[in-house]
Amino acid sequence: MKILHTSDWHLGQNFFTKSRKNEHQAFLNWLLKQIQAHEIDAVIVAGDIFDTGTPPSYARQMYNQFVVELSKLTCTLVVLGGNHDSVSTLNESKQLLACLHTHVIANTSDDAQQHIIELSDGNNEVGAILCAIPFIRPRDVLQSRPGESSEDKKLALSDAIKAHYANIYQLAAARRDQITNGTEKHIPIVATGHLTALGVSQSESVREIYIGTLDGFAADGFPPADYIALGHIHRPQMVAKSEHIRYSGSPIPLSFDELKSQKQVVLIEFDHTGQRTITPLDIPLFQPMAMLKGDIDSISQQLAAYPMHNPSDGSDGGSCEGKDAEPSDEPVTWLCIHVEVQDYLSDLQQKIQSLIEGRNVEVLQLRRARHKTAQSLQQIKNETLAELTPFDVFEKRLALEAFEGEQEQQRLIQIRETFANIVAEVRHEQAK
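All chains use their own residue numbering, which begins from 1 and follows the written sequence. Selection of residues for local features in this predicted model requires a pLDDT of at least 70, selection of side-chain atom pairs for listing and counting requires 80 or more, and totals for whole chains, interfaces and linings are taken over all residues. In computing side-chain properties, one takes all heavy atoms of the structure into account and sets aside hydrogens as well as water.

A.B. asks: Describe the overall build of the protein chain, listing the residues and the values that go with them.
C.D. replies: By the criteria applied, helices consist of DSSP H or I runs no shorter than four residues and strands consist of E runs no shorter than two, each listed in order from the N terminus. Each helix and strand in the protein chain was counted, giving 11 helices and 19 strands. The 432 residues of the protein chain split such that 48% are buried. Per element, the accessible surface of the protein chain, about 21900 Å² overall, is 47% carbon and sulfur. Only protein chains enter the accessibility calculation, which uses a 1.4 Å probe; a residue whose area is less than 20% of its type maximum is buried, one above 50% is exposed, and one in between is partly exposed. Areas reported here follow the Shrake-Rupley algorithm with a probe of radius 1.4 Å; residue values treat only the protein chains shown as occluding.

In structure tokens form, the structure reads like this:
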């Protein structure tokens, strides 16, 4: 039995006004080739098919076309809803896609049996049983009670999710026993999830930590499944050093800091004895991207390594004269530039623009890191925490960061709102 685990496609995403359509299409084409080459029996997409609840029409078309192409390979597809997905959007084509060997589990159902899926192997026999668990919303598993503290709510929610997993797993185990009927045949049980497990490494593109007031779900709350396919975290990684509990990560970098890790899908193979083999398959980078850090001189040296525009691409061919690199046929590289400056530079954007002129690059994000050590030391001499409110301390810390561009300003607004909500909740608890 061969299963391919992927997640967090985020079809329809715009990245600093740039469409990811070509990258996503290249990934889906690559994925179909892997499925065919490795003779995959089932593909699990562990949530966040789309980037928003109202994806653009091209993203829906891309999703539907992938299902059609996959159905030609006699491979089962299981689509789990994520926190970015709209339940109604996924469900609108659920019955139609069911005719194409595709199971869509958009949300948690009151009928637990709906979450048990039998996956067929190459011999058209039951090769694995799937506990298909999508993103869990608090209202799906828990009823709030008046008078509960925030800690009580966290504990109750964690226990409810753990109980939900245990219930689904017990049904899967019972179904396995029914199929094997006392024989020595081994049928693995695979579970899914779209959540944050405690201790994982996140990236800037993961906007929601988890659900309700719960920061993360402890790994010991998962059932003893043979493999647990997780989504929501965009960096591929194991959970709690357990090889069989994994995030596959997103197939393309959804933020510049994700360039630090290799994108992958995970191939899980079970033999007839139940022995498990896990093999990550590296995904190519379909759009050149890079992050440059340093002072102006260092940034200038790093940019010099990038080739010039090819005159045939419609850019100004005259810009190549006197430059130190040959014209390039490669696609334009998207850059995030993090400039370290000793003092404020009012013409930083113009300076960077002059450095990239004629180069086969485009700066999508420009960050400024100012060194305020001397200023901070002087403030420490004249101020104490007793003289400052939490908001004062918070604003002084924000002042040490640079939020360039419209998207960064929106991020700054979200940070301030989140902090205000936290302070309000703490004060409310203290008032009790």
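That shown, we press on.
A.B. asks: Could you give an account of helix α7 (residues 296-303), with specific residues and numbers?
C.D. replies: Inspection of α7 places Ile296, Ile299 and Leu303 among the buried residues, and these make up the whole buried set. Each buried residue of α7 sits inside an arc of 60 degrees when the element is viewed along its axis, so together they form one side. Turned more than 90 degrees away from the buried face of α7, the exposed residues are Asp297 and Gln301. Buried residues along α7 sit against β15 (289-294), β18 (333-341) and α8 (348-356). Directions are taken from the helix axis to each C-beta atom, and the arc is the one they span. In this analysis, two residues are considered to be in contact whenever any of their non-hydrogen atoms come within 4.5 Å of each other.

A.B. asks: Talk me through the side chain of Asp41; I want residue IDs and the actual numbers.
C.D. replies: Residue placement: Asp41 occurs in the loop between α1 (21-37) and β4 (42-45). For the buried Asp41, which has no salt bridge, the nearest side chain bearing the opposite charge is Lys2, at an N-O separation of 7.2 Å. Here a polar contact is recorded for every N or O atom pair within 3.5 Å, except that within protein the pair must consist of a potential hydrogen donor and a potential acceptor, and residues adjacent in sequence are included only if both atoms are side-chain atoms. Within the structure, the side chain of Asp41 is placed 3.3 Å from the backbone nitrogen of Gly122, a separation counted as a polar contact. The contact partners of Asp41, leaving out residues within four places of it in the chain, are Met1, Lys2, Cys75, Thr76, Ser120, Asp121 and Gly122. For the charge count, each Lys or Arg is scored as positive and each Asp or Glu as negative, with His and the chain ends excluded. By salt bridge we mean one thing: a side-chain nitrogen of Lys or Arg within 4 Å of a carboxyl oxygen of Asp or Glu.

A.B. asks: Give a detailed account of the pattern of salt bridges, specifying residues and quantitative values.
C.D. replies: One pass over the full model with this rule turns up 8 salt bridges. Its salt-bridge partner being Glu23, residue Arg20 comes within 2.5 Å of it at the nearest N-O pair. Note on Arg20: relative accessible area 0%, which makes it buried. Of the residues examined, Glu23 reaches a relative accessible area of 5% and is grouped as buried. Between Arg60 and Glu92 there is a salt bridge, with the nearest N and O atoms lying 2.5 Å from each other. Of this pair, Arg60 sits in helix α2 (residues 57-71) while Glu92 sits in the loop between α3 (87-91) and α4 (94-97), and the two are 32 residues apart along the sequence. Judged by its relative accessible area of 55%, Glu92 is exposed.

A.B. asks: How would you sum up the sheet that holds strand β13 (residues 264-270)? Please name residues and give values.
C.D. replies: Pairing between strands is defined by DSSP: at least two bridges between the two strands are required. Judged by pairing direction, the sheet is mixed, and its 6 strands sit side by side in the order β6-β5-β4-β1-β13-β14 without closing on themselves. Strands at the two margins of the open sheet, each flanked by one partner only, are β6 (102-105) and β14 (276-282). Direction aside, neighbouring strands of the sheet carry axes that sit 20 degrees apart on average. Where strand β1 (residues 2-6) meets β4, 4 bridges bridge the pair, whose relative direction is parallel. Paired with Leu4 across the strands is Val43, a residue of β4. Only the contacting stretch of a helix is used when fitting its axis, a line to C-alpha atoms as for every element, and angles between N-to-C directions run 0 to 180 degrees. Sheet contacts for α2: β5 (76-80) and β6; angle to β5, the most-contacted strand, approximately 155 degrees.

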